[in-house]
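# Commentary on secondary and tertiary structure
Each chain is listed here by its residues.
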Amino acid sequence: DQQVKQNSPSLSVQEGRISILNCDYTNSMFDYFLWYKKYPAEGPTFLISISSIKDKNEDGRFTVFLNKSAKHLSLHIVPSQPGDSAVYFCAASDIGGSQGNLIFGKGTKLSVKP
Amino acid sequence: DSGVTQTPKHLITATGQRVTLRCSPRSGDLSVYWYQQSLDQGLQFLIQYYNGEERAKGNILERFSAQQFPDLHSELNLSSLELGDSALYFCASGKGGRGTDTQYFGPGTRLTVL
């Protein structure tokens, strides 16, 4: 049973437009969320995170929104650039626990067309 | 470059064999995490070590084992290999080992079992 779901396996966006990647979770114990970006033949790279006490976190072109009541988060990339083409993974953790492992979604492949 | 190194980059072996994957964390990081990424799957958490001790276990098979050594490098041992063990194995490291830790991933080891 998947606790973190990314229902769109792929997304194609025109350069300069907004990319919106979505993620849903089922475990109400999750209170910290992260997005990772992965290029082929490389490991995932941390992009941005958000704690459950916030509903928005912004870092340059990247903004993550959290809707706790809907158990939904989204990553907005504005404006999208061809270099953003990668697989984006949503991940969640329970910061109240003693463990640090992340629960990942299956990823969304973003293609930004020039 | 995340600062996390993994060796080997590629490994091809036969069913029934045993292999060892190695990971060196970033300087100063005490926690090491192992993840498995199979085809069309997200990253599945296997096991976490913190300062030499096992802290969390995920969906790790009994045929798999790991350890973290005094110099903090870690090894993942996979034995009695099956075709289904073919996957990318990622190691990540973090400072504190808890849910808010940013995890830095290595480039992965691609294991192919023939």
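Residues numbered from 1 in each chain as written. Chains lettered and ligands numbered in written order. Predicted model: local features only at pLDDT ≥ 70, side-chain atom pairs only at ≥ 80, totals over all residues. Heavy atoms only, no water.

Attention shifts here to the overall build of chain A. Counting its regular elements, chain A contains zero helices and 11 strands. When the helices and strands of chain A are read in sequence order from the N terminus, they spell out β-β-β-β-β-β-β-β-β-β-β. Here the C-alpha atoms of chain A give a radius of gyration of 14 Å, agreeing with the 13 Å that 2.2 N^0.38 yields for 114 residues. With the C-alpha coordinates of chain A rotated into their principal frame, the extents come out at 45 × 30 × 20 Å. In chain A, buried positions account for 46% of the 114 residues. Considering only intrachain contacts with a sequence separation of at least 6, the fraction spanning at least 24 residues in chain A is 54%. (Helix = DSSP H or I, 4+ residues; strand = E, 2+ residues; numbered from the N terminus. Rg over C-alpha atoms; globule rule 2.2 N^0.38 Å. Buried < 20%, exposed > 50% of the residue type's maximum accessible area, 1.4 Å probe, protein only. Contact = heavy atoms within 4.5 Å.)

Residues and elements named next belong to chain B. All told, the structure shown has seven salt bridges over all chains when counted by the stated rule. Between Glu75 and Arg22 there is a salt bridge; the shortest N-O distance is 4.0 Å. Taken together, the residues span a long stretch of sequence, with Glu75 in strand S8 (residues 74-78) and Arg22 in strand S3 (residues 19-24) at a distance of 53 residues. Note on Arg22: relative accessible area 33%, which makes it partly exposed. Through salt bridges that share partners, Arg26, Asp29 and Lys95 make up one connected network. (Salt bridge = Lys/Arg side-chain N within 4 Å of Asp/Glu carboxyl O.)

The next point concerns the nonpolar core. Within the largest apolar cluster, 23 residues are counted, with the highest numbers of intra-cluster contacts made by Phe33, Trp35, Leu73, Leu75 and Tyr88 of chain A. Broken down by secondary-structure element, the contributors of at least two residues to this core are strand S3 (19-25), strand S4 (32-38), strand S5 (45-51), strand S7 (62-67), strand S8 (72-77), strand S9 (86-93) and strand S11 (108-113) of chain A. Looking at this core element by element, the count peaks at four residues for S9 of chain A. Not counting residues up to four positions away in its chain, the partners in contact with Leu73 of chain A are Leu21, Asn22, Cys23, Tyr25, Phe33, Trp35, Val64, Phe65, Leu66 and Cys90 of chain A. Membership of the second largest hydrophobic core comes to 21 residues, among which are Val4, Leu81, Ala87 and Tyr89 of chain B. (Core = buried A, V, L, I, M, F, W, Y, C linked by side-chain atoms within 4.5 Å.)

With that settled, consider the interface of chain A and chain B. With 20 residues of chain A at the interface, the matching set in chain B holds 21 residues. Taken over both partners, the interface formed by chain A and chain B buries close to 1700 Å², and the fraction arising from carbon and sulfur atoms is 59%. Seen at the junction of chain A and chain B, the total is zero salt bridges. The interface formed by chain A and chain B contains two residue pairs in polar contact (both at pLDDT 80 or more). Within the residue set of the side of chain A that touches chain B, elements represented by two or more residues are S4 and S9 of chain A. Among the elements that line the side of chain A that touches chain B, the one with the most residues is S4 of chain A, at three residues. (Buried area = accessible area lost by both parts, 1.4 Å probe. Polar contact = N/O pair within 3.5 Å; in protein donor to acceptor, adjacent residues only side chain to side chain.)

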